[in-house]
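# Structural overview for review
The primary structure of each chain is shown beneath.
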Amino acid sequence: MRLSILDLSIVPQNGDRHQALMNTLETAKQADELGYTRFWLAQHYAAKAGAGRSPEVMIPFIAAHTHKIKVGSGALLLNHYSPFKVAEIFNTMEELFPGRIDMGIGRASTGMISDLALQRYRFVGSKKNDDSEQQVVELLNWMHQDFDDENPFSEIISYNNGTSPDFWLLGSGSWSSKTAASLGLRYVFAGFINPAMSFNIVQNYHKEFTPSDYSAKQKPELILALNVFAAETEEKAHRMTAPYQLFEHRLKTEGDTQSLLEDEETALILLGNKFRSPEINLIDPRQPPRFLAATPDKLYDWINQIATAFGAHEIMIQTITGNHQERLKSNRLLAEVFFKNTFS
């Protein structure tokens, strides 16, 4: 089973955003040494707790300080970019680091005001047609130089050295599943966002997958992203989830995007009886919980069961905590059971 990491550059306790980015670098270097397959950088705007907002900046920074791990975006939000510019950025990164760049593309609203700030034409209240699929197709055409002759874009070339980054479509809903299937693309599903519908949406991707000229893939290829917390004991693993649970609670009840993640003790106190003790057993691998928190051996069994049920070729883990050392330890413990090595 391949295992990869999604990193949000969480601002650490008693730290700042510079330290968050340096922690991301340290996490990537550790992941490279431990044998993880990929290291992807997230894109979130106006979030005080996360410094990860520019994958196109962080990808070459991380790739320059690692050796073999694939580095990519999880995801670059195409609805806020020109497809041509995205092609130019990723072709340049592929030329710098041949064979090591992943192009993870998604779409999302970042909030009404930030969406407006990211637009070139700013008409408050104006409704735009959803052209997400057309944007994806245009980007694929730029990457493969595959525009029809009558298309004016066919006169421009987005040059590369003959190789392109691996293209992945990311999502958490039915649109991304259908689009990835119809265009024959690799697909990454964010199981931590939409766990209740995850299985059905992913199965639709498998069933509807159609090979196309946009991709060399003849069969579906799926990465499932999950929230995972590993520790030496179940109690420690459960406590690790408290800051994330509090962050989610504040976001849902108050719309709070400006608080940093608390330490575990403070989070447990503030949550009180709202703290949800993580599952101690995996009842149905087709319905994984919102986060998996357990010892490494139990997580090994759970993750493999989930991957088999979903038909996932790879699992991408997200561990949201402000405690950088605990995150590094969690990644190391998982590597020990998944890659069958012992690391000091």
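Scroll up to find the structure this text is about.
Presented here is an overview of the structure given in this document.

### Here's the deal with the side chain of Arg250
Here Arg250 is to be found in helix 9 (residues 242-254). Judged by its relative accessible area of 15%, Arg250 falls in the buried class. At 3.2 Å, the side chain of Arg250 and the side chain of Glu262 are in polar contact. Excluding its chain neighbours within four sequence positions, the residues that come into contact with Arg250 are Gly255, Asp256, Ser259, Leu260, Glu262 and Leu270.

### Remarks on helix 5 (residues 132-144)
Helical geometry note: an α-helix holds 3.6 residues per turn, so side chains three or four residues apart project in the same direction. The terminal C-alpha atoms of helix 5 lie 18 Å apart, and with 13 residues this matches the ideal 18 Å at 1.5 Å per residue to within 8%. For helix 5, the full list of buried residues reads Ser132, Gln135, Val136, Val137, Leu139, Leu140, Asn141, Trp142 and Met143. In this fold, the buried residues of helix 5 make contact with helix 3 (83-96), strand 5 (101-106), strand 6 (166-171) and helix 6 (174-182). Positive phi appears at Gln145, one or two residues downstream of helix 5, with a value of about 50°.

### Examining the packing of helix 11 (residues 296-310) against helix 12 (residues 324-338)
Close contact between helix 11 and helix 12 brings their axes to 9 Å; oriented N to C, the two are set at 65°. The angle between helix 11 and helix 12 places the two elements in the roughly perpendicular class. The way helix 11 lies across helix 12 gives a crossing that is right-handed. Contact residues: helix 11 offers Pro296, Asp297, Leu299, Tyr300, Ile303 and Asn304, while helix 12 offers Leu333, Leu334, Val337 and Phe338.

### Here we look at the nonpolar core
By size, the foremost hydrophobic cluster in this structure holds 70 residues, and its most contacted members are Tyr36, Val86, Phe90, Leu139, Leu299, Ile315 and Leu334. Those residues in contact with Tyr36 that sit more than four places away from it in its chain are Leu3, Ser4, Ile5, Ala31, Ile69, Ile317, Asn331, Leu334, Ala335 and Phe339. With 24 residues, the next largest nonpolar core counts Ala231, Ala237, Leu261 and Ala293 among its residues.

### Considerations on the side chain of Gln135
Residue position: Gln135 is located in helix 5. For Gln135, a relative accessible area of 12% puts it in the buried group. Gln135 has contacts with Leu78, Asn79, Tyr81 and Pro83, leaving out every residue within four places of it along the chain.

### Observations concerning helix 11
The end-to-end C-alpha distance of helix 11, which contains 15 residues, comes to 21 Å, matching closely the 21 Å that a straight helix rising 1.5 Å per residue would cover. Where helix 11 is buried, its residues meet helix 7 (198-208), strand 8 (222-230), strand 9 (292-294), strand 10 (314-318) and helix 12. Just downstream of helix 11, Gly311 is the residue with a positive phi angle, here 70°.

### Some points on the environment of Ser54
Mapped onto the elements of the fold, Ser54 is located in the loop between strand 2 (38-41) and helix 2 (55-64). The class for Ser54 is partly exposed, based on a relative accessible area of 26%. Each C-alpha atom, one on Ser54 and one on Gln43, is 5.9 Å from the other, the two residues being 11 residues apart in sequence.

### Some words on the pattern of salt bridges
Evaluation of the coordinates by the stated rule reveals 18 salt bridges. Across the pair Glu265 and Arg239 runs a salt bridge whose closest N-O atoms are separated by 2.8 Å. Residue Glu265 is located in helix 10 (residues 264-271), and its partner Arg239 is located in helix 8 (residues 234-240); the two are separated by 26 residues in the primary sequence. For Glu265, a relative accessible area of 43% gives the class partly exposed. According to the relative accessible area criterion, Arg239 is partly exposed, its value standing at 27%.

### Looking at the packing of aromatic side chains
Under the definition given, this model contains 14 aromatic pairs. Look at Trp142 and Phe147: their rings are 4.7 Å apart centre to centre, the planes differ by 75°, and that puts the pair in the edge-to-face class. Note on Trp142: relative accessible area 1%, which makes it buried. On the basis of relative accessible area, Phe147 is assigned to the buried category, the value being 12%. Between the aromatic rings of Tyr187 and Tyr205, the centroid separation amounts to 5.0 Å while the plane-to-plane angle is 45°, which identifies the pairing as tilted. Of the two residues, Tyr187 is situated in strand 7 (residues 186-190) and Tyr205 in helix 7; the sequence distance between them amounts to 18 residues. Relative accessible area serves as the criterion here: at 0%, Tyr205 is assigned to the buried category. An aromatic cluster is built from Phe84, Trp142, Phe147 and Phe153, whose rings are joined through pairwise contacts. Sitting above the plane of the Phe199 ring, Arg286 keeps its charged end 5.9 Å from the centroid. Looking at Lys340, its charged tip hangs above the ring of Tyr300, at a distance of 4.3 Å from the centre.

Thresholds, definitions, all that
- Residues numbered from 1 in each chain as written.
- Predicted model: local features only at pLDDT ≥ 70, side-chain atom pairs only at ≥ 80, totals over all residues.
- Heavy atoms only, no water.
- Helix = DSSP H or I, 4+ residues; strand = E, 2+ residues; numbered from the N terminus.
- Buried < 20%, exposed > 50% of the residue type's maximum accessible area, 1.4 Å probe, protein only.
- Polar contact = N/O pair within 3.5 Å; in protein donor to acceptor, adjacent residues only side chain to side chain.
- Contact = heavy atoms within 4.5 Å.
- Expected span 1.5 Å × (residues − 1).
- Axes fitted to C-alpha atoms, helices over the stretch in contact; angles between N-to-C directions.
- Parallel < 35°, antiparallel > 145°, perpendicular 65-115°, else oblique.
- Left-handed = near helix turned anticlockwise from the far one by under 90°.
- Core = buried A, V, L, I, M, F, W, Y, C linked by side-chain atoms within 4.5 Å.
- Salt bridge = Lys/Arg side-chain N within 4 Å of Asp/Glu carboxyl O.
- Phe/Tyr/Trp six-rings, centres within 6.5 Å; stacked < 30°, edge-to-face > 60°.
- Lys NZ or Arg CZ within 6 Å of the ring centre and 35° of its normal.

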